[in-house]
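# Residue-level structural notes
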Amino acid sequence: MDSELVPNSYKVAVRTVANAALSDGHVEEKDFDALMNAGFNEDEIQELFAQADLVNMLNTIANISGIKIDNEIVELSYSL
Amino acid sequence: MKVFLIDDQKITNVLNRKYLSMIREDLEIFDFDDPELAMAALETEKPELIFLDLNMPIVSGWDILTFMRNRKIEIPVIILTSSSSQQDREKANLFHNVFSFQLKPLTKSGFNELLEGYYLHGDYKTSL
Amino acid sequence: MEVSNPYLGYKILFEAMVKFSAGISMIKNLEELPLEINLHLKYLINFQEFNYYFIKENKVDCLWVNQTGKASYSTCSLDQLDAFAQQVLESGVPASKYCKVSKTSIHSWKFYNENNHFSLLLIRSHSDNPFADKSIPLIKVVNKILSARIENLNMVQLIHFQNQKLARLTTALQAKNKEIEALNRKQESTIIEKTSRLKDSNSKLKGLIQFNSHQLREPLTRVIDMVAIKDDLPVEEYISDILPLLSESVLDLDRAIIEVVQRSEVFDNEEN
């Protein structure tokens with residue numbers, strides 16, 4: 001991914017949400033700070049973590065049922 | 001012949017009496033300056049001709065004509081009035097016993113013609 | 001970092017731009033515009049502060065947004081813009097400057113839009129999160145979207161303003177119409193009143209004339225009668241019988257004339 005094309009705020013958002021999703025919903029104070037600094041307001045941050053939650057839930061379901069996770073989201077989180 | 005002169009002006013009655021008696025000597029003339037008395041005398045005296053004024057206080061000429069129509073008193077009437085109103089003339093036409101409508105003053109020759117007309121035709125309606 | 005999909009960045013930006021464009025087109029007035037820009041801009045470019053001036057003759061619409069979510073809309077005149085903005089505006093050449101103390105740089109572009117309107121776009125960014133040269137094509141698109149929307153909103157506002165003016169004029173016109181109607185009605189009623197007064201006095205006059213003619217004619221006919229009978233009677237009889245009556249009738253006539261004159265005067269007074 002051409003990191004110069006995508007603005008940093010976007011990257012911060014995707015990275016934070018992906019981390020939260022992949023780390024079983026582990027979120028720290030610094031994650032919030034990072035999003036705040038990137039210009040996201042509270043509503044937007046809530047929305048972002050809701051997305052992470054959703055992914056998390058889907059992951060759990062996938063784990064239990066043995067479905068393989070779409071590789072793209074894993075890739076995306078590492079590519080940013 | 002019995003003739004009634006009905007006019008609230010005594011003077012008019014006096015003059016009319018003089019004219020009529022000049023023209024014919026066989027007339028029995030009754031004059032009334034009170035129309036009510038005339039009305040009362042109509043049925044008892046049974047005149048053959050009436051000279052009637054229209055504008056009179058209390059009882060007018062119209063009242064007398066209406067009274068006669070209501071009582072079915074069929075006596076020929078000559079209206080003698082100082083009113084030149086066309087309305088009065090038309091109203092008088094509605095009473096079929098009115099056979100002439102004359103404007104005052106009426107002179108000797110006027111009375112003469114009226115009486116001649118009255119005698120000539122006998123039936124007063126034709127000369128109306 | 002491993003790059004698996006070289007077009008992913010474009011996809012992301014395209015999607016962000018679509019959302020930006022859709023959001024801007026939903027805006028109903030200029031005051032709301034900066035807030036909407038604020039929502040989307042962080043998904044498009046790196047920035048700390050974003051200024052957008054839309055210039056129509058001497059009037060400038062100023063949109064301001066910063067990274068922490070603040071936004072405002074204001075208007076100013078052309079000469080109130082700062083020196084740097086003025087410079088870009090005059091030359092038309094994009095410019096940038098860097099401030100060592102704050103570690104921020106400012107980029108500025110001038111755009112020529114439709115209807116001979118200009119716009120000036122300024123982006124301040126911190127060196128920690130600098131504005132990327134690769135984002136410049138996006139800036140052009142952002143200007144296109146914003147200028148078109150502002151033009152459109154201005155037009156809507158103008159139409160709205162003219163509609164209001166028209167409505168005011170219509171109301172004024174209706175008020176005037178009502179006034180005229182009221183005047184007409186007043187005039188009509190005056191005419192009716194005058195006509196009825198005229199009719200009234202006419203009928204009174206008619207009555208007066210009828211009364212007068214009878215009142216005068218009655219004694220007059222008697223006099224005429226008595227004059228006419230003169231030749232038909234002997235002189236002695238005339239003198240004894242008629243002459244006294246004649247003088248009486250003449251007196252009646254005189255009385256009648258006096259009464260008629262009095263009645264006319266009463267009528268005159270009633271009329272005035």
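All residue numbers here refer to positions counted from 1 along the written sequence of the relevant chain. Chain letters and ligand numbers both follow the written order, the letters beginning at A and the numbers at 1. Two thresholds apply to this predicted model, a pLDDT of at least 70 for residue-level local features and 80 or more for giving and counting side-chain atom pairs, whereas whole-chain, interface and lining totals are computed over all residues. The basis for every side-chain value is the complete set of non-hydrogen atoms in the structure, without hydrogens or water.

### As for the overall build of chain C
The criterion, for reference: What counts as a helix is a DSSP run of H or I of at least four residues, what counts as a strand is a run of E of at least two, and both are numbered from the N terminus. Each radius of gyration reported is based on C-alpha atoms, and the globular scaling rule is 2.2 Å times the count of residues to the power 0.38. Relative accessibility under 20% of the residue-type maximum defines a buried residue, over 50% an exposed one, and the middle range a partly exposed one, all with a 1.4 Å probe and only protein chains included.
Check the secondary structure of chain C and you find 5 helices and 6 strands. Listing each helix as α and each strand as β along chain C from the N terminus yields α-α-β-β-β-α-β-β-β-α-α. Over its C-alpha trace chain C gives a radius of gyration of 51 Å, far above what one expects of a compact globule, namely 19 Å for 272 residues. Taking the principal axes of the C-alpha coordinates as reference, chain C spans close to 165 × 40 × 30 Å. When the 272 residues of chain C are sorted by exposure, 37% land in the buried category.

### Regarding the overall build of chain B
To be explicit about the condition: Using a 1.4 Å probe, accessible areas were evaluated by the Shrake-Rupley method; residue-level cover was limited to the displayed protein chains. For the charge count, each Lys or Arg is scored as positive and each Asp or Glu as negative, with His and the chain ends excluded. A charge is said to be at NZ when it belongs to Lys, at CZ for Arg, at CG for Asp and at CD for Glu.
Along its length, chain B carries 5 helices and 5 strands. Taken from the N to the C terminus, the helices and strands of chain B come in the order β-α-β-α-β-α-β-α-β-α. In terms of overall dimensions, chain B is globule-like: its C-alpha atoms have a radius of gyration of 13 Å, near the 14 Å expected for 128 residues. Reported as C-alpha extents along the three principal axes, the dimensions of chain B are approximately 30 × 30 × 30 Å. Counting across all 128 residues of chain B, residues that qualify as buried make up 52%. Accessible area of chain B: about 6,200 Å², with a carbon and sulfur share of 48%. When the 14 positive and 20 negative side-chain charges of chain B are each reduced to one mean point, those points stand 2 Å apart.

### Focus on the interface of chain B and chain C
The condition is simple: Residue contacts are defined here by distance: any two heavy atoms, one from each residue, within 4.5 Å place the two residues in contact. In short, buried area is how much 1.4 Å probe accessible area vanishes from two parts on joining, totalled over both. Here a salt bridge means any side-chain nitrogen of Lys or Arg lying within 4 Å of a carboxyl oxygen belonging to Asp or Glu. Pairing of N or O atoms within 3.5 Å defines a polar contact, subject to two protein rules: one partner must be a possible hydrogen donor and the other a possible acceptor, and residues neighboring in sequence count only if both atoms are side-chain atoms. In this classification, Asp, Glu, Lys and Arg are treated as charged, Ala, Val, Leu, Ile, Met, Phe, Trp, Tyr, Cys and Pro as nonpolar, and every other residue, Gly included, as polar.
Contacts between the two partners involve 18 residues from chain B and, on the opposite side, 20 residues from chain C. Summed over both sides, the interface between chain B and chain C buries roughly 1,700 Å², with carbon and sulfur atoms accounting for 62% of that surface. Sorting the residues of chain B by area buried against chain C places Ile11, Leu15 and Lys18 of chain B first, and these three jointly supply 34% of that buried surface. If you look at where chain B meets chain C, you find 2 salt bridges. With a closest N to O distance of 2.7 Å, Glu237 of chain C and Lys18 of chain B form a salt bridge. The interface formed by chain B and chain C includes 6 residue pairs in polar contact (both at pLDDT 80 or more). Sorting elements by how many residues they give to the side of chain B that touches chain C places helix α1 (residues 10-23) of chain B first, with 8 residues. Taken together, the residues of the side of chain B that touches chain C break down into 8 nonpolar, 7 polar and 3 charged.

### Description of the side chain of Lys104 of chain B
By the element assignment, Lys104 of chain B lies in the loop between β5 (98-103) and α5 (108-121). Here Asp7 of chain B takes part through its side chain, which lies 2.7 Å from a polar atom of the side chain of Lys104 of chain B. The residues contacting Lys104 of chain B, other than those within four sequence positions of it, are Asp7, Thr12, Asp53, Leu80, Thr81 and Ser82 of chain B together with Arg217 and Thr221 of chain C.

### Focus on the sheet that holds strand β2 (residues 59-66) of chain C
Residues and elements named next belong to chain C. Let me state the cut-off plainly: What makes two strands pair is DSSP finding at least two bridges between them. Angular values range over 0 to 180 degrees, each being the angle between N-to-C directions of two axes fitted as lines to C-alpha atoms, with helices fitted over their stretch in contact.
Strand order in the open sheet formed by 6 strands is β3-β2-β1-β6-β5-β4, and the pairing between neighbours is antiparallel. Each end of this open sheet is capped by a strand with a single partner; those strands are β3 (71-77) and β4 (95-99). Within this sheet the neighbouring strands show an average axis-to-axis angle of 15°, counted without direction. Pairing of strand β1 (residues 49-56) with strand β6 (residues 118-126) involves 7 bridges; the strand directions are antiparallel.

### Points about the domain arrangement of chain C
How we decide: Here the limits of each domain have been adopted from an automatic or database domain assignment.
Taken domain by domain, chain C holds domain 1 (8-168) and domain 2 (197-271). Once you take the C-alpha centre of each, domain 1 of chain C and domain 2 of chain C turn out to be 108 Å apart.

### Details of unusual backbone geometry
Here the residue pair Lys104 of chain B and Pro105 of chain B is connected by a cis peptide bond, since its omega of -5° sits within 30 degrees of zero. Along the chain, Pro105 of chain B turns up in the loop between β5 and α5. Even without being a glycine, Lys72 of chain B presents a positive backbone phi close to 55°. Considering the arrangement of structural elements, one finds Lys72 of chain B in the loop between α3 (61-71) and β4 (77-81). A positive phi angle is found at Asn115 of chain C, which is not glycine, with a value near 60°.

### Details of a nonpolar patch on the surface
Operational definition: Two distance rules govern patches: like charges are joined within 9 Å, and nonpolar side chains (Val, Leu, Ile, Met, Phe, Trp, Tyr) within 5 Å, applied only to residues with over 30% relative accessible area and no salt bridge.
A cluster of nonpolar residues, Leu54, Met57, Leu58 and Ile61 of chain A, forms a patch on the protein surface that exposes about 370 Å² of accessible area. Of note, Met57 of chain A is situated in helix α3 (residues 42-65).

### Describing the layout of surface pockets
Note the threshold: Put plainly, a pocket is an open set of points on a 1 Å grid over the protein atoms alone with protein on both sides within 12 Å along at least five of seven lines, a cavity is a set where a 1.4 Å probe fits but cannot get out, and a lining residue has an atom within 4 Å of a point. Grid points are joined across faces, edges and corners, and a volume is the space filled by probe spheres set on the points.
Estimates place the volume of the second largest pocket at around 240 Å³. Taken together, Leu54, Asn55, Trp62, Ser83, Ser84, Ser85, Gln87, Asp88 and Lys91 of chain B together with Gln210, Ser213 and His214 of chain C form the lining of the second largest pocket. At the level of elements, α4 (86-93) of chain B together with α4 (136-228) of chain C are the ones that each hand at least two residues to the lining of the second largest pocket. Of the residues assigned to the lining of the second largest pocket, the class counts are 2 nonpolar, 8 polar and 2 charged.

### Section: the sheet that holds β4 of chain B
Residues and elements named next belong to chain B. Pairing in this open sheet of 5 strands is parallel, and the strands run β2-β1-β3-β4-β5 from one edge to the other. A single partner strand is all that each edge strand has here, and the edge strands are β2 (28-32) and β5. Geometrically, the sheet is characterised by an average inter-axis angle of 15° between neighbouring strands, direction not taken into account. Relative to β4, strand β3 (residues 49-52) runs parallel, the two being bridged by 3 bridges. For Leu52, the partnering residue across the bridge sits in β4 and is Ile79.

### Observations regarding the environment of Gly92 of chain C
All names here are of chain C. In this fold, Gly92 is placed in the loop between α3 (83-91) and β4. Taking the C-alpha atoms as reference points, Gly92 and Tyr112, 20 residues apart in sequence, are found 9.1 Å from one another. Leave out the neighbours within four places in its chain, and Gly92 touches Lys110 and Tyr112.

### So, the packing of aromatic side chains
All names here are of chain B. The line we're drawing: Pairing of aromatic rings covers Phe, Tyr and the six-membered ring of Trp, with a centre-to-centre limit of 6.5 Å; geometry is then stacked below 30 degrees between planes, edge-to-face above 60, and tilted otherwise.
Under the defined criterion, the tally for this structure stands at 11 aromatic pairs over all chains. Measuring from ring centre to ring centre gives 5.6 Å for Phe4 and Phe30, while their planes differ by 50°; the resulting arrangement is tilted. Taken together, the residues span a long stretch of sequence, with Phe4 in strand β1 (residues 2-6) and Phe30 in strand β2 at a distance of 26 residues. The exposure class of Phe30 is partly exposed, given its relative accessible area of 21%. Aromatic pair Phe4 and Phe32: ring centres 4.8 Å apart, planes at 55°, arrangement tilted. Taken as a pair, Phe4 in strand β1 and Phe32 in strand β2 lie far apart in primary sequence, 28 residues in all. Phe4 gets classed as buried once you look at its relative accessible area, which sits at 0%. Relative accessible area serves as the criterion here: at 12%, Phe32 is assigned to the buried category.

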